[in-house]
Amino acid sequence: MLAVFISRVLRRVAQKSARRVLVASRNSSNDATFEIEKCDLHLLEEGPPVTTVLTRAEGLKYYRMMLTVRRMELKADQLYKQKFIRGFCHLCDGQEACCVGLEAGINPSDHLITSYRAHGMCYTRGLSVRSILTELTGRRGGCAKGKGGSMHMYTKNFYGGNGIVGAQGPLGAGIALACKYKGNNEICLTLYGDGAANQGQIAEAFNMAALWKLPCVFICENNLYAMGTSAERAAASTDYYKRGNFIPGLKVDGMDVLCVREATKFAADYCRSGKGPILMELQTYRYHGHSMSDPGVSYRTRDEIQEVRSKRDPIMILQDRMVNSKLATVEELKEIGTEVKKEIDDAAQFAISDPEPRLEELGHHIYSSDSSFEVRGANPWIKFKSVS
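All chains use their own residue numbering, which begins from 1 and follows the written sequence. Since the coordinates come from a predicted model, pLDDT governs what is reported: local features require at least 70, and pairs of side-chain atoms require 80 or more to be given and counted, while whole-chain, interface and lining totals use all residues. Excluded from the side-chain calculations are hydrogens and water; all other atoms, namely the structure's heavy atoms, are used.

- If you look the protein chain up in an unreviewed UniProt entry, it shows as Pyruvate dehydrogenase E1 component subunit alpha from Macaca nemestrina.
- Recorded in UniProt under Subcellular location (unreviewed entry), the annotation for the protein chain is "Mitochondrion matrix".
- UniProt positions are given in the numbering used here, feature names are shortened, and annotations may be inferred rather than shown by experiment. What UniProt states about the protein chain under its Catalytic activity (unreviewed entry) heading is, verbatim, "N(6)-[(R)-lipoyl]-L-lysyl-[protein] + pyruvate + H(+) = N(6)-[(R)-S(8)-acetyldihydrolipoyl]-L-lysyl-[protein] + CO2".

1. Some words on the overall build of the protein chain
Working step 1: Numbering of helices and strands runs from the N terminus; a helix is a DSSP stretch of H or I covering at least four residues, while a strand is a stretch of E covering at least two. In terms of regular secondary structure, the protein chain is built from 12 helices and 13 strands.
Working step 2: With the radius of gyration taken over C-alpha atoms, the globule rule is written as 2.2 Å times the number of residues to the power 0.38. In terms of overall dimensions, the protein chain is globule-like: its C-alpha atoms have a radius of gyration of 21 Å, near the 21 Å expected for 388 residues.
Working step 3: Dimensions along the principal axes, computed over C-alpha positions, put the protein chain at roughly 70 × 50 × 45 Å.
Working step 4: Here the term buried applies to any residue with accessible area under 20% of the maximum for its type, exposed to any over 50%, and partly exposed to those in between, with areas from a 1.4 Å probe on protein chains only. Counting across all 388 residues of the protein chain, residues that qualify as buried make up 53%.
Working step 5: In what follows, a contact means two residues having at least one pair of non-hydrogen atoms within 4.5 Å. Pairs at least 24 apart in sequence give 71% of the contacts found in the protein chain among residues at least 6 apart.
Working step 6: Calculation of accessible area relied on Shrake-Rupley with a 1.4 Å probe; when residues are assessed, cover is drawn exclusively from the protein chains displayed. Put simply, the protein chain shows about 17500 Å² of open surface, and 53% of that area lies on carbon and sulfur atoms.
Working step 7: We count Lys and Arg on the positive side and Asp and Glu on the negative side, and we leave His and both chain ends out. Where a charge lies is defined by one atom per residue type, namely NZ (Lys), CZ (Arg), CG (Asp) and CD (Glu). Treating the 51 positive side-chain charges of the protein chain as one cloud and the 44 negative ones as another, the clouds have centres 2 Å apart.

2. A closer look at the UniProt feature "domain: Dehydrogenase E1 component" (unreviewed entry) in the protein chain
Working step 1: Taken from the UniProt record, the annotation "domain: Dehydrogenase E1 component" (unreviewed entry) applies to residues 65-359.
Working step 2: Helix makes up 45% of residues 65-359 and strand makes up 11%, while its end C-alpha atoms are separated by 35 Å.

3. Details of the pairing of strand S13 (residues 383-386)
Working step 1: Residues of S13 alternate between two faces, with Phe384 and Ser386 buried on one and Lys383 and Lys385 left unburied on the opposite face.
Working step 2: A pair of strands is considered paired only if DSSP assigns at least 2 bridges between the two. Where strand S12 (residues 373-376) lies against S13, 4 bridges are found, and the strand directions are antiparallel. The partner of valine 375 across the bridge, within S13, is phenylalanine 384.
Working step 3: What sits between the antiparallel neighbours S12 and S13 is a turn of 6 residues.

4. Things to note about the packing of helix H2 (residues 56-81) against helix H5 (residues 129-136)
Two quantities define a packed helix pair, namely the angle between the helix axes and the distance between the axes.
Working step 1: Working convention: axes come from line fits to C-alpha atoms, limited for helices to the stretch in contact. Angles between N-to-C directions cover 0 to 180 degrees. Relative to each other, H2 and H5 sit at 20°, their axes nearing to 11 Å. Between H2 and H5, the interaxial angle falls into the category roughly parallel. Read as a crossing pair, H2 and H5 show a hand that is right-handed. On H5, the residues touching Thr68, Met72, Lys75 and Ala76 of H2 are Val129, Ile132, Leu133 and Leu136. Roughly parallel means an angle under 35 degrees; roughly antiparallel, over 145; roughly perpendicular, 65 to 115; everything else is oblique. Note on convention: near helix rotated counterclockwise from far helix by under a right angle means a left-handed crossing. Clockwise means right-handed.

5. Description of the nonpolar core
Working step 1: Buried Ala, Val, Leu, Ile, Met, Phe, Trp, Tyr and Cys residues form a nonpolar core when they are joined through side-chain atoms within 4.5 Å. Leu102, Leu133, Leu189, Val217, Val252 and Met280 are the most contacted members of the largest nonpolar core, which totals 71 residues.
Working step 2: Filtering out sequence-adjacent residues up to four positions away, leucine 189 remains in contact with Leu102, Ile106, His111, Leu112, Ile113, Val217, Ile219 and Thr264.
Working step 3: Judged by nonpolar contacts, the second largest core, of 21 residues, contains Ala196, Ala197, Ala205 and Cys216.

6. Examining the pattern of salt bridges
Working step 1: One speaks of a salt bridge when a side-chain nitrogen belonging to Lys or Arg is within 4 Å of a carboxyl oxygen belonging to Asp or Glu. Tallying each qualifying case throughout the model produces 20 salt bridges.
Working step 2: The residue aspartate 40 makes a salt bridge to lysine 251 at a minimum N-O spacing of 3.5 Å. Placement of aspartate 40 in strand S3 (residues 40-42) and of lysine 251 in strand S10 (residues 249-253) is noted, with a sequence separation of 211 residues between them.
Working step 3: Judged by relative accessible area, lysine 251 falls into the buried class, the value being 19%.
Working step 4: The salt bridge involving glutamate 96 is made with arginine 70; its shortest N-O contact spans 2.5 Å. In this pair, glutamate 96 sits in helix H3 (residues 96-104) while arginine 70 sits in helix H2, placing the two residues 26 residues apart along the sequence. Accessibility classification places glutamate 96 together with arginine 70 in one group, the buried group.
Working step 5: Through salt bridges that share partners, Glu58, Arg261, Glu262 and Lys265 make up one connected network.

7. Some points on the environment of leucine 44
Working step 1: Its location among the elements puts leucine 44 in the loop between S3 and strand S4 (51-55).
Working step 2: Remark: the alpha-carbon pair of leucine 44 and isoleucine 247, spanning 203 residues in sequence, is separated by 9.6 Å.
Working step 3: Residue contacts for leucine 44: discarding those within four places in its chain leaves Pro248, Gly249, Leu250, Phe266, Tyr270 and Ile278.

8. Considering the domain arrangement of the protein chain
For an interface, size is often stated in terms of accessible area lost upon the parts coming together.
Working step 1: Segmenting the protein chain into domains produces domain 1 (35-224 + 232-356) and domain 2 (359-387).
Working step 2: An automatic or database domain assignment supplies the residue ranges for each domain. Just the C-alpha atoms count here: the centres of domain 1 and domain 2 sit 33 Å apart.

9. Remarks on unusual backbone geometry
Working step 1: The phi angle at leucine 224 is positive, at roughly 80°, despite the residue not being glycine.
Working step 2: By the secondary structure assignment, leucine 224 is in the loop between strand S7 (216-222) and strand S8 (225-226).

10. Examining helix H12 (residues 330-353)
Working step 1: Expected span, for any helix, means 1.5 Å times one less than how many residues it has. With 24 residues, H12 extends 35 Å from end C-alpha to end C-alpha; this agrees with the ideal 34 Å at 1.5 Å per step.
Working step 2: All of the buried residues along H12 are Leu333, Ile336, Gly337, Val340, Ile344, Ala347, Ala348 and Ala351.
Working step 3: Turning to H12, the residues buried within the fold contact H2, H5 and helix H11 (314-324).

11. Quick notes on the packing of aromatic side chains
Working step 1: Under the pairing criterion, centres of Phe, Tyr and Trp rings, with the six-membered ring standing for Trp, must be within 6.5 Å; the plane angle then separates stacked pairs below 30 degrees from edge-to-face pairs above 60, leaving the rest tilted. Inspection of every chain in the model, using the stated rule, returns 4 aromatic pairs.
Working step 2: A ring pair is formed by phenylalanine 206 and phenylalanine 218, whose centres lie 4.9 Å apart and whose planes are at 75°; its orientation type is edge-to-face. Residue phenylalanine 206 is found in helix H7 (residues 200-211), and its partner phenylalanine 218 is found in strand S7; the two are separated by 12 residues along the sequence. The burial state of phenylalanine 206 is the same as that of phenylalanine 218; both residues are buried.
Working step 3: Centre to centre, the rings of tyrosine 367 and phenylalanine 373 are 5.8 Å apart; their planes meet at 55°, and the pair counts as tilted.
Working step 4: Look at phenylalanine 373 and you get partly exposed, because its relative accessible area is 30%.
Working step 5: It is arginine 309 that lies over the ring of tyrosine 287; its NZ or CZ is 4.1 Å from the centre.
Working step 6: By definition here, charges over rings are those cases where NZ of Lys or CZ of Arg is within 6 Å of the ring centre and within 35 degrees of the ring normal. The ring of phenylalanine 34 is capped by arginine 321, whose NZ or CZ atom sits 5.4 Å from the centre of that ring.

Listed below in structure tokens is the structure:
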């Protein structure tokens, strides 16, 4: 049943993707207009637009960002297999249009919290490739000083990386409550996966957000598999965008960066208008397994993965649009690829050569700003000093 569903979706998206490229029209030397997939709606009379303008500058920026996330995740795979990265590691290659499109649809002052599949969000929120890879190897130059690892990275207005399935749902609602309390016209994007959508705490967060009309965009990244269990086997209803029941929802093509961008702008405007929360389901796909311990082919076939790569790859969709509409040449995009490869290689070299944090730093940064105090170690005779 799942194979039939995926095949049907692939055929439909491939046909529409090809048509969208063909109808692209040059408005000037620096932009082009494209048709994008119409979103399915829940409790909404109107949705995001079905056409959008892409400028040359935007296209090159999105392409570079998506390619960087892809290459960074592939490098993380390599470092993990070389045992420079240990422990949990969940990669997001294949889902690049989600993190890049979401960031393109909000303001830098807005807030974002997500699950443990967070590397792409870390990068689009402003962390450098070097700081991300160095955190993955547990070194002092990492964004969390080598103490957070894959699932716990943070930066301004980005609250992780959360290791407990679905735990970020109530936290995101809390961040949205702070935005409403401060009256700063900011919103919070709260991301979770299709597996976490079945968690009770997600439903509780929906309820409180709707009661208090919080400016929260709940976003389900539906990559079709919760660990190794297909959505059809785990959920009585796979219409995740309707799961909010009393909360309006959108189902979005999560493999198209422009579709994600326009849907995010729509959802952000909805929240800023004071109407309360909204729910987005991003239909996407991960190429790697659930984590590095999962080969990813025991519950799906290699042919299925290859079919998505060949027909729905988010980077190829954007590349084809830009080349066919003459926003960029193949040579320009190859040059970007060369630059990205060098950036990733340099960051990886730093990540494996930077020193590990000193033991005495174990208690540092418990609070963002507080006076120093002692932290008990594994027994009462071991003390660490916490420094903000």
